[in-house]
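Chain and residue survey
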Amino acid sequence: MLDTNDAFDANGAPGTDSAPSADLPALACESVTMRFGGLTAVDGFNLRVPKGALYGLIGPNGAGKTTVFNIVSGVLRPSAGAVKLFGVDVTGLSPDRIARSGIARTFQNIRLFRNLTVLDNVLVGLHLRREANLAQAMLALPRHRAEETQMAATAAQLLEEIGLAGVSHYRASALPYGRQRRLEIARALATKPAVLLLDEPAAGMNPAETEDLMRLITDIRNRFSLTILLIEHEMKVVMGICERMTVLDHGDTIAEGTPDEIQRNDRVIKAYLGGGAVARA
Ligand SMILES: Nc1ncnc2c1ncn2[C@@H]1O[C@H](COP(=O)(O)OP(=O)(O)O)[C@@H](O)[C@H]1O
Ligand SMILES: [Mg+2]
């Protein structure tokens, strides 16, 4: 399997040269606010996700969930507040820089290189890691070639682990929807993240695919020593696999707690769960 234990040693959390401290949250948002013109999409958002957690972010459409992911992954710079990765401030760094610091994500609307093969899509993720050592690669060409071979082997191994080995030479666009979502996860894993952000991974999946996905998410959390933040509409998925979650509504945090606490929370029931989400669970 992939050696992900060096996710931080190899990348180095920005601004640090020591191992992350055990008591620091893997991911934290501190009073994060995002304004788009007159709209406050996220207002004073606080989050602490412990290392190794599988943490949920839920709420109705337009609540600000994807905006939080865009801020954490560097796509958006927040109007105020800070994002910290193992205590290190990464607010406003470029998406590339954030990816190299150990945060990877998937997208609500699948983003794959549709005309590339499944294998090449994973190689793109691995490539991102190599870029950090491009100077070394150029200075030592034989080592570079060895690395290319190594990367292809690593990509193949990753596809095997994610259950896509049999389709590695298919075009990404030829895969059924559920498998495209799986490939997006494989590509994210190829960047060797410490923290993985999944934006509605079960969207568009049938019940069997959703069951498989739940197993996959819990499985990769353990196997790749990940901390996972999951946005998901499918209540069965969130309540089934997340230990804790935060509920957003119109940019405000209306609740935080365990699945039991959230399901019994009056504000959550009124704003979200009462509106039919439970019926879908
Ligand atoms: N780049 C943007 N520019 C302007 N408004 C945006 C942008 N991104 C999101 N929004 C708005 O912010 C709000 C929250 O959106 P989003 O984070 O996508 O919600 P969710 O993922 O919870 O459904 C929505 O009203 C949305 O229209
Ligand atoms: Mg969204």
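About the criteria used
- Residues numbered from 1 in each chain as written.
- Chains lettered and ligands numbered in written order.
- Predicted model: local features only at pLDDT ≥ 70, side-chain atom pairs only at ≥ 80, totals over all residues.
- Heavy atoms only, no water.
- Helix = DSSP H or I, 4+ residues; strand = E, 2+ residues; numbered from the N terminus.
- Pairing = 2+ DSSP bridges.
- Contact = heavy atoms within 4.5 Å.
- Axes fitted to C-alpha atoms, helices over the stretch in contact; angles between N-to-C directions.
- Salt bridge = Lys/Arg side-chain N within 4 Å of Asp/Glu carboxyl O.
- Buried < 20%, exposed > 50% of the residue type's maximum accessible area, 1.4 Å probe, protein only.

1. Brief notes about unusual backbone geometry
Non-glycine residue Ser-31 carries a positive phi angle of around 50 degrees. Topologically, Ser-31 is positioned in strand β1 (residues 27–36). If you check the backbone angles, His-250 has positive phi at about 50 degrees while not being a glycine. Along the chain, the position of His-250 falls in the loop between β9 (244–249) and β10 (252–257).

2. Structural notes on the sheet that holds strand β4 (residues 80–85)
If you walk across this open sheet you meet the four strands as β2-β1-β4-β5, and the pairing is antiparallel. Both edges of this open sheet fall to β2 (39–49) and β5 (88–89), since each of them pairs with a single strand only. As judged from the five bridges shared by β1 and β4, these two strands associate in the antiparallel manner. Counterpart to Ala-28 in the pairing with β4 is Lys-84. Where helix α2 (residues 65–72) meets the sheet, its contacts fall on β1, β2 and β4, and the angle it forms with β1 comes to roughly 115 degrees.

3. A look at the pattern of salt bridges
Within the structure shown, the criterion is met by eight salt bridges. Between Arg-187 and Glu-184 there is a salt bridge; the shortest N-O distance is 3.9 Å. One end of the pair is Arg-187 and the other is Glu-184, both in helix α7 (residues 177–190) and three residues apart, which spans about a single turn. An identical accessibility class is assigned to Arg-187 and Glu-184; each is buried. Among the ionic pairs, Glu-243 bridges to Arg-221, the shortest N-O distance being 2.9 Å. Here Glu-243 is found in the loop between α9 (235–241) and β9, whereas its partner Arg-221 is found in helix α8 (residues 207–223), with 22 residues between them in sequence. Overall, the relative accessible area of 36% leaves Glu-243 in the partly exposed class. One salt-bridge network, held together by shared partners, links Glu-161, Asp-219 and Arg-223.

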